[in-house]
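Now for the letters of each chain:
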Amino acid sequence: MSKNKRQTLAYRMQPAIPAGLFFWLKSWSQLRRLRKKLIRGKEVRRHTTVSRDIYENYGPWEQEMYLHGQEYTTCDGKIRLVPFTRIRAGYLAPVKTEIERQLAAAPGQRLRVLEVGAGNCINLMLLNEAFGDKIELVGIDISPKRLEVSRETWGAKLDGVDLHVDSATELATCADRSFDVVFSMHCLEQVPYDAGSAVRAISRVCRGRIVFVEPVFEFGNTAQKIYAITGDQLRTLLPEIAKAGLRVVESYPLDILAHPLNKTGVVVVEV
Ligand SMILES: C[S@@+](CC[C@H](N)C(=O)[O-])C[C@H]1O[C@@H](n2cnc3c(N)ncnc32)[C@H](O)[C@@H]1O
């Protein structure tokens, strides 16, 4: 039997919990959390600076987890142990699809691609590997330390990639309509109360399409919706896109989730 077949078989045979049962149990624990939060009346409000301070102290653990780790996640309708490399491939696929679509539409043209909240730079490293000279990659993040750690970790794999310290809510380092593809992956979730400013800043610098890979409240089941409230996650992406007057080309929930309660969706927008 080939190595590939053995791995596929091992994956199918591993103990996995039906997602329906998992989420039913989680609804109850999330409801208890919500009750506590309401009784205490304590409000946690995550703003830009809160998130920056957390990420400044991250070090390279996310990059190490990506290379060597695995996580219990929602995948193929079950909760099962999945390597981070596979999870990441699922999250990055919509971005790759958009880049491939634009490259096919304008052969020979070098696309400019921006990641907002690039952080660990795993996405930029993978896109650099996949597309090389066909695209020009830029990443911004609010945390200088995080970009520094990523440069050290990935070394030559980030050659040619521009990294800047900037806020998603401003994008002061980016000129108007200067990117063909702009994407954010779980960055807007960090600024739940400033998502409108981020959507407007992103649409200002984009001349093509935006791919949001972010929590989408409307796609969540009961447990995921309560988690979005108790965890103070982003809950207004679709309304903010509508308010900014942007046209949604497609939107759908991701099947594979790094955190089963954090419901990620893909929203592709044309400016
Ligand atoms: C959950 S991580 C996601 C990182 C990366 N996009 C990924 O998919 O692995 C969120 C990132 O957003 C960054 N971030 C938080 N608030 C930000 C803001 N206002 N502007 C830019 N980046 C921000 C954090 O520093 C962190 O690197």
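Notes on the structure in this doc start here. (Residues numbered from 1 in each chain as written. Predicted model: local features only at pLDDT ≥ 70, side-chain atom pairs only at ≥ 80, totals over all residues. Heavy atoms only, no water.)

A short note on unusual backbone geometry
Inference 1: One non-glycine residue, histidine 186, adopts positive backbone phi at about 50°.
Inference 2: Inspection of the secondary structure assignment puts histidine 186 in the loop between strand S7 (179–185) and helix H8 (195–205).
Inference 3: Overall, histidine 186 belongs to the buried group, its relative accessible area being 18%.
Inference 4: Positive phi, close to 55°, is recorded for aspartate 232, a residue that is not glycine.
Inference 5: Structurally, the position occupied by aspartate 232 is in the loop between helix H9 (222–230) and helix H10 (237–243). (Helix = DSSP H or I, 4+ residues; strand = E, 2+ residues; numbered from the N terminus. Buried < 20%, exposed > 50% of the residue type's maximum accessible area, 1.4 Å probe, protein only.)

A closer look at the nonpolar core
Inference 1: With 37 residues, the main nonpolar core has Ile99 and Leu127 as its most contacted residues.
Inference 2: When contributions to this core are tallied by element, the ones reaching two or more residues are helix H5 (84–105), strand S4 (111–116), helix H6 (122–131), strand S5 (135–141), helix H7 (144–154), S7, strand S8 (206–215) and strand S10 (264–270).
Inference 3: Top element by residues in this core is H5. It accounts for seven residues.
Inference 4: Setting aside residues no more than four positions away along its own chain, leucine 127 makes contact with Leu92, Val95, Lys96, Ile99, Gly132, Ile135, Leu137 and Phe183.
Inference 5: Core analysis: the next-biggest nonpolar cluster, separate from the first, contains 27 residues, Val116, Ile140, Cys174 and Phe212 among them. (Core = buried A, V, L, I, M, F, W, Y, C linked by side-chain atoms within 4.5 Å. Contact = heavy atoms within 4.5 Å.)

Structural notes on the sheet that holds strand S2 (residues 70–75)
Inference 1: Overall, antiparallel pairing links the three strands, which are arranged S1-S3-S2 in an open sheet. Looking at the sheet topology across the chains shown, the edges are occupied by strand S1 (17–18) and S2.
Inference 2: The pairing of S1 with strand S3 (residues 78–83) spans two bridges and is classified as antiparallel. Residue isoleucine 17 lies in a different strand from S3, and its bridge partner there is isoleucine 79. (Pairing = 2+ DSSP bridges.)

Function cannot be inferred from these measures alone, as they are strictly geometric.
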